[in-house]
Amino acid sequence: MSAITCSNVEKSYGATTVIRDLNLAIEEHEFVVFLGPSGCGKSTLLRMLAGLEDISGGEVSIGGKVVNDLDPGDRGIAMVFQNYALYPHMTIFDNIAFGLKRQKVAKAEIQKRVEAVSKTLGLDPYLGRKPAELSGGQQQRVAIARAMIKTPKVFLFDEPLSNLDAKLRNHMRIEIARLHQSLKTTTVYVTHDQLEAMTLADRIVLLRDGRIEQIGSPAEIYERPGNLFVAGFIGTPNMNFIDVAVGRKESRWTLTSAGAVFSIDGSRFNLQHVDRAVLGIRPPDLKTAGTDAGQSVLEGTADLIEFHGNDALVIFGSGGKEISALVPTRECPAVNTHVRYAVDEQSLHLFDAKSGVSLLRQ
Ligand SMILES: Nc1ncnc2c1ncn2[C@@H]1O[C@H](COP(=O)(O)OP(=O)(O)O)[C@@H](O)[C@H]1O
Ligand SMILES: [Mg+2]
């Protein structure tokens, strides 16, 4: 039995449809991330799971039970928001215990449970303090503790780290991953940050404009993006896209762009009946080329170098297009010199020029 199921779920505000015919099954213990650009409907969908938004059509089930008409408090979920507003005049203990006190849980039981979650989250030294006496990361942990203490069946997180600075965000990301490793509570986590999604998710649900573009493990989505949108959204630096004409030459296929001709074996792709395609190459898949002929090579003049530390991003023009290659810094060329980068056929991506759908074979 799935922990959460969405069947033909729809959400409209008046005439505006925000979620369209969405189907999704989340397994028990899974960590699922809703990822997508701002405004694509991530929060709306999460709030529908939580019961904070009405469902305009379709069904949401949690633990096998349809919850469309169930109050948030009866769904067995706990939610952590980006703005986690703690009660400033209450101690950390009272902030964590608040929900239980409201449910009239016995004092001794509250004491026991606050101690247990505080220990898990490393908050035990701070229970007597007020929120203002804690750092941003500690406050965020209090918000998580407040959700955890309800021992929910499902955790929902809506961009919980976006108010923290970069260093703290990395730290808290690891803490959330550890927490899930030890508690194994089914989790749905919303973010627009692909690094957060890639590092936390068992599966990513990539959304655009209220629709699911692709569902898969981070590796699947990175290695086999199903269309141009997914390919362009996942991976930093972004994938290079080059328009090519597809042709046949003897037993091989040719991909001809304004700046290069690639000859490929093509067996990974469905190329019959395709004459125009978009070639996708991730910047780290472009490798400094040797002198041997027969390689698929992109070349041009390096016009900008971005130093990243271990690696450098070399930006060069090829056939009127700006191409990026991510190379080890020791191979970094000087600006305004000629560069040549080879790409292995195994790392090429190809998309249908009209539909944008990947041409990779299943
Ligand atoms: N109460 C509302 N009334 C009308 N439109 C809304 C309302 N809430 C959200 N929207 C719209 O729904 C879309 C999805 O919003 P949201 O789920 O917040 O996106 P995300 O969390 O992915 O950034 C946006 O276009 C937003 O303007
Ligand atoms: Mg949002």
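What counts and how
- Residues numbered from 1 in each chain as written.
- Chains lettered and ligands numbered in written order.
- Predicted model: local features only at pLDDT ≥ 70, side-chain atom pairs only at ≥ 80, totals over all residues.
- Buried ≥ 20, exposed ≤ 12 C-beta atoms within 10 Å, placed from the backbone.
- Helix = DSSP H or I, 4+ residues; strand = E, 2+ residues; numbered from the N terminus.
- Pairing = 2+ DSSP bridges.
- Axes fitted to C-alpha atoms, helices over the stretch in contact; angles between N-to-C directions.
- Domains from an automatic or database assignment.
- Contact = placed C-beta atoms within 7 Å.
- Nonpolar A, V, L, I, M, F, W, Y, C, P; charged D, E, K, R; others polar.
- Core = buried A, V, L, I, M, F, W, Y, C linked by C-beta atoms within 7 Å.
- Near = placed C-beta within 6 Å.
- Left-handed = near helix turned anticlockwise from the far one by under 90°.

### Some words on helix α1 (residues 42–50)
Regarding α1, the residues found buried are Lys42, Leu45, Leu46, Met48, Leu49 and Ala50. Backbone geometry just after α1 places Gly51 at a positive phi near 90 degrees.

### Overview of the sheet that holds strand β10 (residues 211–216)
With mixed pairing, the six strands of this open sheet are ordered in space as β6-β7-β8-β3-β9-β10. Each of the sheet's edge strands pairs with one partner strand only, and the pair in question is β6 (77–80) and β10. Going across the sheet, the axis of each strand differs from the next one's by a mean of 15 degrees, ignoring polarity. Pairing of strand β3 (residues 31–35) with strand β9 (residues 203–208), which is carried by four bridges, proceeds in the parallel orientation. Looking across to β9, one finds that Val32 is bridged to Arg203.

### Section: the domain arrangement of the protein chain
Here the domain parsing of the protein chain yields domain 1 (4–226) and domain 2 (233–352). For domain 1 versus domain 2, the separation of C-alpha centres amounts to 40 Å. In this assembly, five residues from domain 1 lie in contact with four residues from domain 2. Class assignment of the residues belonging to the side of domain 1 that touches domain 2 gives a composition of four nonpolar, one polar and no charged.

### Some details on the sheet that holds strand β2 (residues 16–26)
Sheet architecture is open: four strands sit in the order β2-β1-β4-β5, paired in antiparallel fashion. A single partner strand is all that each edge strand has here, and the edge strands are β2 and β5 (65–66). Note: strand β4 (residues 57–62) against β5, two bridges, orientation antiparallel. The residue of β5 that forms the bridge with Ser61 is Val66. Each of β1 (4–13), β2 and β4 is contacted by α1, which is oriented at about 120 degrees to β1, the strand it contacts most.

### Some details on the nonpolar core
Counting residues in each nonpolar core, the largest one holds 91 residues, and the members touching the most others are Val33, Leu49 and Leu156. Ranked by residue count, the leading element in this core is helix α4 (residues 136–148), at six residues. Each of two domains, domain 1 (4–226) and domain 2 (233–352), supplies a minimum of three residues to this core. Setting aside residues no more than four positions away along its own chain, Leu49 makes contact with Ile4, Val60, Ile77, Leu156 and Val188.

### Side note on the site of ligand 1
The immediate surroundings of ligand 1 are formed by Tyr13, Thr16, Val18, Gly36, Ser38, Gly39, Cys40, Gly41, Lys42, Ser43 and Thr44. Counting residues per element, the ones that place at least two in the shell around ligand 1 are β2 and α1.

### Some thoughts on the packing of α4 against helix α5 (residues 166–183)
Packing of α4 against α5 leaves a shortest axis separation of 10 Å and a crossing angle of 35 degrees. The handedness of the crossing between α4 and α5 is right-handed. Along its contact with α4, which presents Gly136, Gly137 and Gln140, the element α5 presents Leu168, His171 and Met172. Taken together, the residues that form the contact of α4 with α5 break down as two nonpolar, four polar and no charged.

### Concerning the pairing of strand β17 (residues 311–318)
Strand direction decides the pairing type here: strand β16 (residues 297–307) and β17, joined by six bridges, are antiparallel. Across the sheet, Ala302 pairs through a bridge with Phe316, a residue of β17. Bridge analysis of β17 against strand β18 (residues 321–328) gives eight bridges, and the strand direction is antiparallel. Counted as the bridge partner of Asp311 is Pro328 from β18.

### A short note on the packing of helix α2 (residues 92–102) against α4
Between α2 and α4, the least distance of the axes is 7 Å, while the angle of their chain directions is 30 degrees. The chirality of how α2 crosses α4 is right-handed. Of the residues in α4, those touching α2 at Ile92, Asn95, Ile96, Phe98 and Gly99 are Val142, Ala145 and Arg146. A breakdown of the residues in the contact of α2 with α4 according to their chemical character gives five nonpolar, two polar and one charged.

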